[in-house]
Amino acid sequence: MSVEEAEEITGRAARYAGPGGFAFVTRERSLMLRFAAGRPTQSTSIDDRTVEIAIPFRGHVGRASTNAVDDAALDECASRARTAARAAAATGDGRFPGFDPDHELVDYESFDADTAALDAGLGGAALAETFAVAGDHGVEAHGIWTVAELEYGWELADEGGGWARHTDAFMKVICIAPGGRSGYASQAAVAVGDIRPRELAERAAGKAAFGSETAGLPPGEYPVVFEAQATGWLLDLLAGCAFNGLAHAEGRGALDGRLGERVTAPAIDLSDSPGNRRTLPREFDAEGTRKAPIPLIQNGVAHGVAHDIRSAALAGERSTGHALTPGGDPGGPHPSNLVLAGGGAADETELCAPVERGIYVTRLWYANVVRPKETLITAVTRDGTFLIEDGRVTRPLRDLRLTDSVLGILSRTEALTRGQALTSDGEFYGRRFAYGVVCPALRADGVRFTG
């Protein structure tokens, strides 16, 4: 959409919402190529608009959405939002104070024209490179390659609005050897030109084809070297437990009563940095609130949590720009530009060097929070789990179930690599919202495995 088109659509939607009403419009243009067993299996192209209308009423918010932008559809969408708001108010007055978006926004320059072109030829070339590498290693290649342009804007009735445009690209490669052993590598970026298919395929294939005999370990506590992808999973799970402002305001958060206290090893410096060029930057959230950097854990000390308008009102604070939907997602706000500072280790090889007997983890899967207040999670290692012996990776390991506290793991963190990577799950279901965690690999002592 042009700026004029975006402003015209959001303006009409806001007018139907009426005084105090808020409209948020997203246009997604994306291309995804899936592949399995060394051949393309599916291609999907999306060009779609979504209009969300949110209407406050007596401290509650009613919200509805539509994919159509004609007047009749917008009028009907606003009517549904209004009905929802009145139904919520039947339970009594709420505490939502109303929308108060920022009209002066920064530009984080996260747009790449080559990515926005959605060139399927680039994807085809990426798959061809991947298949060639997999063939050289005698393994099968599976995964996805995807690019997108996302345009979004907001408007508060009679008060103007804001607009932004971003791109993102992602590729993941899972290689599977004839015996069933697998290896994983992925990369996310603002620009498709930063994606390196051959390097990803080499890393994934090397893990799948590493060694011959697969070893096993009994349940217990072991030193662990987490690749950046696994670190990113841990931090994203921590975000839901510890930095969710709604859970914190309601006394359910892991940092309830602990702000200002040491909660991790001093080496942990974690922030939400929406303007960091290594993330997938965003200027404002789904309520039009400007996103600014916030410290979360500095030198191991807990400093803050993320808020949307609703959670901030409950906590007596101001929104930090972390709303996922207008009026606040039922699950609360979520920081989507986490950055963990790197340490002094050159690479994963150096992290492994002091470990007599431990575990090397590429990534985690089937991860779930067991007890949020304790940041206790359970997850399964996958696509590259190895035994570390006498300071080096020696043999593949059967996958293990990790059950431990994320804050506990970070408290037992001994070293981090200098280099950081933008890690992302990269699975897009529903409206595309690409985000990731910038983080290093790390070594932690005494991580608990239960099966």
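Here, the structure is the one placed above.
Residues numbered from 1 in each chain as written. Predicted model: local features only at pLDDT ≥ 70, side-chain atom pairs only at ≥ 80, totals over all residues. Heavy atoms only, no water.

### Some details on empty space enclosed by the protein
Per the stated rule, a full pass over the model turns up 2 cavities of 30 Å³ or more. Its boundaries defined by the atoms lining it, the largest cavity holds a volume of some 70 Å³. Lining of the largest cavity is provided by Ser110, Leu150, His166, Thr167, Asp168, Val190, Leu280, Pro281, Arg282 and Ala434. Broken down by element, the lining of the largest cavity gets its largest block of residues, 3 residues, from strand S5 (residues 160-176). Of the residues belonging to the lining of the largest cavity, the class tally is 5 nonpolar, 3 polar and 2 charged. Taken together, 10 residues make up the lining of the second largest cavity; nearest its centre are Phe170, Ala188, Leu280, Ser424 and Ala434. Elements represented by at least two residues in the lining of the second largest cavity include exactly S5 and strand S6 (182-189). In terms of residues, the lining of the second largest cavity owes the most to one element, S5, which gives 3 residues. Along the lines of polarity and charge, the residues of the lining of the second largest cavity split into 8 nonpolar, 1 polar and 1 charged. (1 Å grid on protein atoms, 1.4 Å probe; cavity = no way out; pocket = protein on both sides within 12 Å on 5 of 7 lines; lining within 4 Å. Points joined across faces, edges and corners; volume = space filled by probe spheres on them. Helix = DSSP H or I, 4+ residues; strand = E, 2+ residues; numbered from the N terminus. Nonpolar A, V, L, I, M, F, W, Y, C, P; charged D, E, K, R; others polar.)

### A short note on the side chain of Lys207
Tracing the backbone through its elements, the reader meets Lys207 in helix H5 (residues 197-208). Of the polar contacts made by the side chain of Lys207, one reaches the side chain of Glu227; its length is 2.5 Å. (Polar contact = N/O pair within 3.5 Å; in protein donor to acceptor, adjacent residues only side chain to side chain.)

### Points about H5
Helical periodicity: at 3.6 residues per turn, an α-helix aligns residues three or four positions apart in one direction. The first and last C-alpha atoms of H5 sit 16 Å apart over 12 residues, in line with the 16 Å expected at 1.5 Å per residue. Buried within H5 we find Pro197, Leu200, Ala201, Ala204, Ala205, Lys207 and Ala208. All buried residues of H5 project into a common sector of 160° when viewed along the axis, lining one side. (Expected span 1.5 Å × (residues − 1). Buried < 20%, exposed > 50% of the residue type's maximum accessible area, 1.4 Å probe, protein only. Arc of directions from axis to C-beta.)

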